[in-house]
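These are the residues of each chain, in order.
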Protein chains: 2
Amino acid sequence: MNDSDGGGGRAARPRRADARRNEKTLLDAAAAVFVASGVDAPVRDIAAKAGVGTATIYRHFPTRADLIIAVYRHQVEACAEAGPALLASGATPYAALERWIGLFVDFLVTKHGLAAVLRSDDAGFDALHAYFLDRLVPVCARLLDAAAAAGEIRSDIPAIQLMRGVGNLCIGAEHDPDYDARRLAGLLIAGLRLPR
Amino acid sequence: MNDSDGGGGRAARPRRADARRNEKTLLDAAAAVFVASGVDAPVRDIAAKAGVGTATIYRHFPTRADLIIAVYRHQVEACAEAGPALLASGATPYAALERWIGLFVDFLVTKHGLAAVLRSDDAGFDALHAYFLDRLVPVCARLLDAAAAAGEIRSDIPAIQLMRGVGNLCIGAEHDPDYDARRLAGLLIAGLRLPR
DNA sequence: TTGCTAAACGGGACGTTGTTCCGTATCGTC
DNA sequence: GACGATACGGAACAACGTCCCGTTTAGCAA
């Protein structure tokens, strides 16, 4: 358990320069290929795009989930941080919830195949599920609590269920333009409203 | 298009007895394997269960979609016929819609992987999409129209969108018992309600 | 009953993809 | 400049969908 460079001892040894370079190259290549072919793109394609061997991918990102997380981490963080910001922005909690769900949907539908893989029961994607849920469910829960406290919505739907539902609504939205995930998600949220 | 034994010409020639027998055997085997391993089960597994070669499956059911349709046709028909029945059963149109969606969800969540495949963009599943949509969307549309005419719901959501949304909500519902597709679908429908 | 032909069959062959292994090249240090 | 650990590349293996081809068999007629 050498703490490579963290708080305590100085680095046991930093990663080699070529390794760090390849990781960056791989992230860029993966991002490009994900856009072009979806997050299910063949490993060989990503390796080819990056100009490395397939084993190099597995060395840096043991599972596909690790690669996906690394590629989209920034955007997920941004989405998570938008939650409290929206809540503080002055609108009603319900409006904040509605807009935040919109952000989440927009993120998912622009990542081909991500919503689907988020629903996969493949054990290899457990890390991906865990990351998304850990990072976003608490944010959603805060928005739900605020709206419930304001008497705008019912309070008997757990945040995790809602997130799963919204995520599911985004599956396959990237093709056929007749499918409007955002609208359906809005409908789902509207279903939470209490009559006043 | 040959009317094998129907009204017009006498049969060009009826299918061989072993072929008919194998088709039945395959349907039974597929149904069993689908229950055990989902509708994505390897072709070889189904063939083995039926005691036939893999080519025999492709001969009878050129695409997986054809096999799935054949296995579930009865249940889809039953669901389609339940729509008008519910509408005539005396409750409000909205209640009928709600219950019919419940039937649809119950059907989907008990067929491992079917909801997911219904969302696949693989061209091989086009026939499956078409069948489900052709058969069920008109039923849903009638329920929606009735409820809209009664002033219970808004009328600006096409039936096909709603069906897609509900179908999506059912994806992955077969595992983790914490996910309640039926409840979320109910929420989606509730989102259609008009304030009175 | 026996022989013929088209229908149907079975399993092996091929292509694609994920994953792992092993010999080789390279980095960083002495 | 030499050495050891690190990292690399591509071949090898396994699982699966799909297709092909040589063989078997049902159905019919002589």
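Residues numbered from 1 in each chain as written. Chains lettered and ligands numbered in written order. Predicted model: local features only at pLDDT ≥ 70, side-chain atom pairs only at ≥ 80, totals over all residues. Heavy atoms only, no water.

An unreviewed UniProt entry lists chain A under the name Transcriptional regulator, TetR family, from Microbispora rosea.

Draft legend 1. Main features of the overall build of chain A. A count of helices and strands for chain A gives nine helices and zero strands. Projected onto its principal axes, the C-alpha coordinates of chain A cover approximately 60 × 45 × 30 Å. Across the 196 residues that make up chain A, the buried fraction comes to 44%. Of the contacts made within chain A by residues no fewer than 6 positions apart, 64% connect residues no fewer than 24 positions apart. In the form shown here, chain A has an accessible surface area of approximately 9,900 Å², with 53% of it arising from carbon and sulfur atoms. Taken as two groups, the 23 positive and 23 negative side-chain charges of chain A have centres that lie 5 Å from each other. (Helix = DSSP H or I, 4+ residues; strand = E, 2+ residues; numbered from the N terminus. Buried < 20%, exposed > 50% of the residue type's maximum accessible area, 1.4 Å probe, protein only. Contact = heavy atoms within 4.5 Å. Areas by Shrake-Rupley, 256 points an atom, 1.4 Å probe, with all protein chains shown as cover. Lys, Arg positive; Asp, Glu negative; His and termini not counted. Charge placed at Lys NZ, Arg CZ, Asp CG, Glu CD.)

Draft legend 2. Structural detail: the relation of the copies chain A and chain B. Mapping chain A onto chain B is achieved by rotating through 180° and translating by 0.0 Å along the same axis, at an RMSD of 0.0 Å. Between the two chains, the operation in question is that of a two-fold axis. If distances are taken from each C-alpha of chain A to the rotation axis, the shortest is found for A:Gly191, at 1.8 Å. A symmetric contact is evident, with 100% of the interface residues of chain A recurring at the interface of chain B. (Least-squares fit on C-alpha atoms with pLDDT ≥ 70 in both.)

Draft legend 3. Geometry of the protein's contact with DNA strand C. Around DNA strand C sit 25 residues in total, of which A:Val43, A:Arg44, B:Arg16, B:Asn22 and B:Ala55 are the nearest. Interatomic distance of 3.4 Å between a side-chain N/O atom of B:Thr54 and a base oxygen of DNA strand C. Contact distances for DNA strand C include 3.2 Å between a base oxygen and a side-chain N or O atom of B:Arg59. Elements supplying a minimum of two residues to the surface near DNA strand C: α1 (17-37), α2 (43-50) and α3 (54-60) of chain A together with α1 (17-37) and α3 (54-60) of chain B. Among the elements that line the surface near DNA strand C, the one with the most residues is α3(B), at five residues. Of the residues in the surface near DNA strand C, the class split is nine nonpolar, seven polar and nine charged. (Near = heavy atom within 4 Å. Polar contact = N/O pair within 3.5 Å; in protein donor to acceptor, adjacent residues only side chain to side chain. Nonpolar A, V, L, I, M, F, W, Y, C, P; charged D, E, K, R; others polar.)

Draft legend 4. Inspection of the protein's contact with DNA strand D at higher detail. A:Arg16, A:Asn22, A:Ala55, A:Thr56 and B:Arg44 are the nearest of the 23 residues found near DNA strand D. Within 4 Å of the protein, the atoms of DNA strand D are drawn from sugar and phosphate moieties in a proportion of 56%. Mapped onto the surface near DNA strand D, the elements with two or more residues apiece are α1 and α3 of chain A together with α1, α2 (43-50) and α3 of chain B. The element contributing the most residues to the surface near DNA strand D is α3(A), with five residues. Considering only residue class, the surface near DNA strand D consists of eight nonpolar, seven polar and eight charged.

Draft legend 5. Inspection of the UniProt feature "domain: HTH tetR-type" (unreviewed entry) in chain A at higher detail. UniProt records the feature "domain: HTH tetR-type" (unreviewed entry) at residues 20-79 of chain A, using the numbering of this structure. Its end C-alpha atoms 27 Å apart, residues 20-79 of chain A is made of 82% helix and 0% strand. (UniProt positions renumbered as here; feature names shortened; annotations may be inferred.)

Draft legend 6. Up close: the interface of chain A and chain B. Across the boundary between the two partners, chain A contributes 26 residues, which contact 26 residues of chain B. On the chain A side of the contact with chain B, A:Gln161, A:Arg183 and A:Leu187 bury the most area, a combined 27% of that side's loss. Here chain A and chain B share six salt bridges between them. We note a salt bridge from B:Arg164 to A:Asp176, for which the minimum N-O separation is 2.8 Å. Put simply, chain A and chain B have 17 residue pairs in polar contact (both at pLDDT 80 or more) between them. Those elements that provide at least two residues to the side of chain A that touches chain B are α8 (159-169) and α9 (181-190) of chain A. (Buried area = accessible area lost by both parts, 1.4 Å probe. Salt bridge = Lys/Arg side-chain N within 4 Å of Asp/Glu carboxyl O.)

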